[in-house]
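Listed below, chain by chain, are the residues.
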Amino acid sequence: RWPVALRPDTLTGTVTDAESGAPIAGVAVRAVGGDGSGPSGTTAADGTFSLAGVPEGADIRVEAADFGAVAEPLGDRTRVDVALRNVVITGMVRND
């Protein structure tokens, strides 16, 4: 028999505010495989998340209100910590 090494398929991490370092609760986190499927969840009160069943070659997508969205390839990582920057849009509405 030949030993077979299994690829870890659980992804964990923490999402924080890039400016204050505070954890962000309720952030949508998804691991998306090549076919568009994959596990998803939201961060806990302490900003942590855990996704099981992450497909090989997946991208991580993190999205939060007031912070926008971030996407990047996972590669071989099983832990990803993400620091999000607050997104502020200013402007003026005119009715001409």
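Draft legend 1. Seen up close, unusual backbone geometry. Look at Asp 66: it is not a glycine, yet its phi comes out positive at around 70 degrees. Tracing the backbone through its elements, the reader meets Asp 66 in the loop between β5 (59–64) and β6 (68–73). With relative accessibility at 58%, the residue Asp 66 sits in the exposed group.

Draft legend 2. Highlighting the sheet that holds strand β2 (residues 28–32). Read from one edge to the other, the open sheet built from four strands follows the order β3-β2-β5-β6, with strand pairing classed as antiparallel. Strand pairing shows two members of the sheet lacking a second neighbour, β3 (40–42) and β6, which therefore form its edges. For this sheet, the mean inter-axis angle between neighbouring strands, taken without regard to orientation, is 15 degrees. Strand direction decides the pairing type here: β2 and β5, joined by five bridges, are antiparallel. Bridging across to β5, Arg 30 finds its partner in Arg 61.

Draft legend 3. Layout of the side chain of Thr 43. Mapped onto the fold, Thr 43 is located in the loop between β3 and β4 (48–52). A residue is classified by how much of its surface remains accessible, and Thr 43, at 5% relative accessible area, is buried. For Thr 43, the side chain forms a polar contact with the main-chain nitrogen of Gly 26, separated by 3.0 Å.

Draft legend 4. Summary view of the sheet that holds β4. Across the sheet, which stays open at both edges, the three strands sit in the order β4-β1-β7 with mixed pairing between neighbours. Each having just a single partner strand, β4 and β7 (82–84) make up the two edges of the open sheet. For this sheet, the mean angle separating the axes of adjacent strands, direction not counted, is 25 degrees.

Draft legend 5. Just the nonpolar core, in detail. Among the nonpolar cores identified, the biggest contains 18 residues, and Leu 11, Val 15, Val 27, Ile 60, Val 62 and Leu 84 are the most heavily contacted of them. Listed by contribution, the elements that provide at least two residues to this core are β1 (10–17), β2, β4, β5 and β7. Ranked by the residues each element gives to this core, the list is headed by β5, at three residues. Dropping the residues within four chain positions of it, Leu 84 is found in contact with Val 15, Thr 16, Asp 17, Ala 18, Ile 24, Val 27, Val 62, Ala 64, Phe 67 and Val 70.

Draft legend 6. Up close: the environment of Asp 66. In the structure, Asp 66 is positioned 22 residues away from Val 88 in sequence and 7.2 Å away in space, judged by C-alpha atoms. Excluding residues within four positions of it along the chain, Asp 66 makes contact with Arg 85, Asn 86 and Val 87.

Draft legend 7. Focus on the pairing of β1. Of all eight residues in β1, six are buried, a share of seventy percent or more. Relative to β4, β1 is paired through five bridges, and the arrangement is antiparallel. From the neighbouring strand, Thr 10 faces β4, where its bridge partner is Ala 52. Note that β1 and β7 share three bridges and pair parallel. Residue Asp 17 lies in a different strand from β7, and its bridge partner there is Leu 84.

Calculation criteria
- Residues numbered from 1 in each chain as written.
- Predicted model: local features only at pLDDT ≥ 70, side-chain atom pairs only at ≥ 80, totals over all residues.
- Heavy atoms only, no water.
- Helix = DSSP H or I, 4+ residues; strand = E, 2+ residues; numbered from the N terminus.
- Buried < 20%, exposed > 50% of the residue type's maximum accessible area, 1.4 Å probe, protein only.
- Pairing = 2+ DSSP bridges.
- Axes fitted to C-alpha atoms, helices over the stretch in contact; angles between N-to-C directions.
- Polar contact = N/O pair within 3.5 Å; in protein donor to acceptor, adjacent residues only side chain to side chain.
- Core = buried A, V, L, I, M, F, W, Y, C linked by side-chain atoms within 4.5 Å.
- Contact = heavy atoms within 4.5 Å.

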